[in-house]
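Structural features, examined
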Amino acid sequence: MDWVPGHFCKDAHGLYRFDGTPTYEYPDSRIGENKEWGTCNFDVTRNEVKSFLISNLIYWFKEFHIDGVRMDAVANMLYLSYGKDGEDGLRNKYGGKENLGAVDFFKELNSVIHEDFPDILVIAEDSTAWPNVTKHPIDGGLGFDSKWNMGWMNDTLKYFSIDPIFRYEHHGKLTFSFMYAFSENYVLPLSHDEVVHGKKSIIEKMPGYYEDKLAHTRSLYSYQMAHPGKKLNFMGNEFAHGLEWRFYESLEWHLLDQNNGNREIQTYVKALNKLYLEEKALWEDSWDTFEWIEHENYTENMLAFLRKTKDFKEYLIIVFNFSGENRKKYKIGVPENKVYSVILNSDDKKFGGSGTLKKKKYKSIDKSWNYREQHIELDIPRNTVIFLKAEKVEVTEEKILNAVIIIAVAMGIGASIPPFVKAHTGWLIKGGLALPAYIGPMLVAALLRNIADTIKKPLPMKEIDIVGSISLSVFLSMALMTMKLWELVELAIPMIIILAIQTIFVILYTYFITY
C-alpha cells in the first residue's frame, strides 16, 4: 500500500489548521507549506503528530493485514530545503539542510513497526542519495527494509525509449546502476508512477513497430529480473496494457482476448517469475553474487554478466542484445569448461518472438575470452535476452557400475600383455594375474574419486578408500612373502604397463562420463 506520512491535503474538512492554528503542520510556513504540491507537511517533531502517524500505520497492519507499505515522498521529509527554491536559509541546529526531526521520526516508526510486525515490509520512496536508508537504526540507519531505486528506473526507461540505432550513446544508463546496486536493499520499480500523467504505458514507451515494442518490453522485464534488487511491476504491465493507468477504470483485460501479443507477454512474465523462484542466484543479492562478463561493448549494445549464489555452487549467465541486429557466434567468456544450456530465451516463439534461435546447447571452447579461460559462441537475435546455465553431470548407479566394468576390462587387458616378457617364469604369470585382483579396488576408488572431483558431488569416498587401502596392503604383503627382491624389481615392468593402460581408461571414461 502507498502510505503518505509526509504531507496532507488542505481540504477544509481535513487536518489543515485543525483548530484554526498550525496543529498537524509545521508552524513555520516555509517548512509547513508544500507549494509544489499544494499540500501541508506533517510536523513530525511533535509527539502528538508522531503518535497519530505511527498509530495509523499500525492500524493498517493490524486490522487489514497488509504485507507492507511504500512510504511516499521520503525525500520531502528528509530535507528542509526540498522543493523550496529560493529559500536556502532553512537550516537545522547544526547548520545543515537535513530535517533532524524527520530522521528521528523514521527511526522511531520503523523500530516500533518491526517490533510489533516483524514480517512486514516498509519501503522508502526516496529519490536522493541519503545514506543508510535500509540500515538498522542502531547502526545509524533509518530502519527501512528496502529503498525505491529511482535512479535505476529513470535510467532504464530512458534507455529503452531510445531507438537501438542511437542506444550506443546511452550505454552508461544500463551500467551505472551496478556501481551502487549493493549500497542499499533496493527495489527495482516499474510502478504506477511510471504509467500515469502522460508518461505512457510501458509498451508505448518503446520505439519501433508494434512487434519491436513487444520485443523491447520482454527485454526490459528480463533486464529487471536479472539485475540485483527486488522486483516490482505494476498491474497491467504484465500483459502489455496499452493505455496509461486510470484509477477510475478497469484494466484493459479485453486485450488478452483480442491477443495482439498480450497473452504471449503475460506468458513470458510467468516464465520469468518461475525462473526467479527456481534460481537462487537471481535473488541472493550481495556484492559477491554479481560479476561482469562484458559491459564495455557499447557500439553493439551488448551486455553480459553472471548472477551467482554466494557459495558459487550455482550461477546463471545472462546475455543481452539490445541492438536491432542479430549476432552470430558472438563470443562470451564462461567460468567453466562445460556445456551451457539455454533455459530462457525472450525471442522464443511461445513468447511472441521470432523463434529463430534453434540451438539450445553450447559447448565451451578452450580459448580465453572476456578474461576467462574458455568461451562459448552464441547466436542471439536482435532485441533479445538469453539466460544460460551450465549443465550438471549426474552420477548414477549405472554409471558407477559401468566404471567398474571398464576398469575390470582394463585390468584384464593389462594382465594379458606381460606374458611376452619372460612368460616362462612362474612368478611373472602369478604376479601378473594376481595384480588386478588385489589392486583393482584401489584403482576403482581412484576412478570414483576422479569422478567425484569432476562433478563436485559427494560420494562415500571414506569407505571406498578403506577397501582400496586394504586391497593394496594385501597385495604388497603377499608379494613380499612370496617373492625375492630381484623378482619384485622385475615385477615393476608389468605393473607399469598395467597401470599405464588403466590410467588411459580412467582418462577416457572420465571424459565420457563428464561430457
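In this report, we go over the structure that sits alongside the text. Predicted model only: the values in this text are computed from it and were never measured. (Residues numbered from 1 in each chain as written. Predicted model: local features only at pLDDT ≥ 70, side-chain atom pairs only at ≥ 80, totals over all residues. Heavy atoms only, no water.)

A few points about the pattern of salt bridges
Inspection of every chain in the model, using the stated rule, returns 21 salt bridges. Close ionic contact of arginine 246 with glutamate 249 constitutes a salt bridge, the shortest N to O distance being 3.3 Å. The class of arginine 246 is partly exposed, set by a relative accessible area of 32%. Arginine 327 is paired through a salt bridge with glutamate 325; the nearest N and O atoms lie 3.5 Å apart. Residue arginine 327 is classed as buried on the basis of its relative accessible area of 10%. (Salt bridge = Lys/Arg side-chain N within 4 Å of Asp/Glu carboxyl O. Buried < 20%, exposed > 50% of the residue type's maximum accessible area, 1.4 Å probe, protein only.)

Let's talk about the pairing of strand β14 (residues 339–345)
Within β14, five of the seven residues are buried, which leaves it mostly tucked inside the rest of the structure. By the bridge criterion, three bridges tie β14 to strand β15 (residues 361–363) in an arrangement that is antiparallel. Within the sheet, the bridge partner assigned to valine 339 lies in β15 and is lysine 363. Across five bridges, the pairing between β14 and strand β17 (residues 384–390) is antiparallel. Bridging across to β17, tyrosine 340 finds its partner in alanine 390. (Helix = DSSP H or I, 4+ residues; strand = E, 2+ residues; numbered from the N terminus. Pairing = 2+ DSSP bridges.)

A look at the packing of helix α8 (residues 210–226) against helix α10 (residues 262–278)
With their axes 11 Å apart at the nearest point, α8 and α10 run at an angle of 15 degrees to one another. Here α8 is positioned roughly parallel relative to α10, judged by the angle of their axes. The way α8 lies across α10 gives a crossing that is right-handed. Contacts between α8 and α10 involve Tyr210, Leu214, Thr217, Arg218, Tyr221, Ser222 and Met225 from the former and Asn262, Ile265, Tyr268, Val269, Leu272, Asn273 and Tyr276 from the latter. Across the contact of α8 with α10, the residue classes break down as nine nonpolar, four polar and one charged. (Axes fitted to C-alpha atoms, helices over the stretch in contact; angles between N-to-C directions. Parallel < 35°, antiparallel > 145°, perpendicular 65-115°, else oblique. Left-handed = near helix turned anticlockwise from the far one by under 90°. Contact = heavy atoms within 4.5 Å. Nonpolar A, V, L, I, M, F, W, Y, C, P; charged D, E, K, R; others polar.)

A word on the sheet that holds β14
Taken together, the six strands give an open sheet; going across it, the order is β10-β11-β12-β17-β14-β15, and neighbouring strands pair in antiparallel fashion. In this open sheet, the two strands that pair with only one neighbour each are β10 (290–294) and β15. Sheet twist, expressed as the average angle between the axes of neighbouring strands with direction ignored, equals 25 degrees. Sheet topology places strand β12 (residues 315–321) next to β17; five bridges connect them, and they run antiparallel. Across the sheet, residue valine 319 finds its bridge partner in β17, namely isoleucine 386. Sitting on the sheet, α8 is in contact with β11 (302–308), β12 and β17, with an inclination near 40 degrees to β17.

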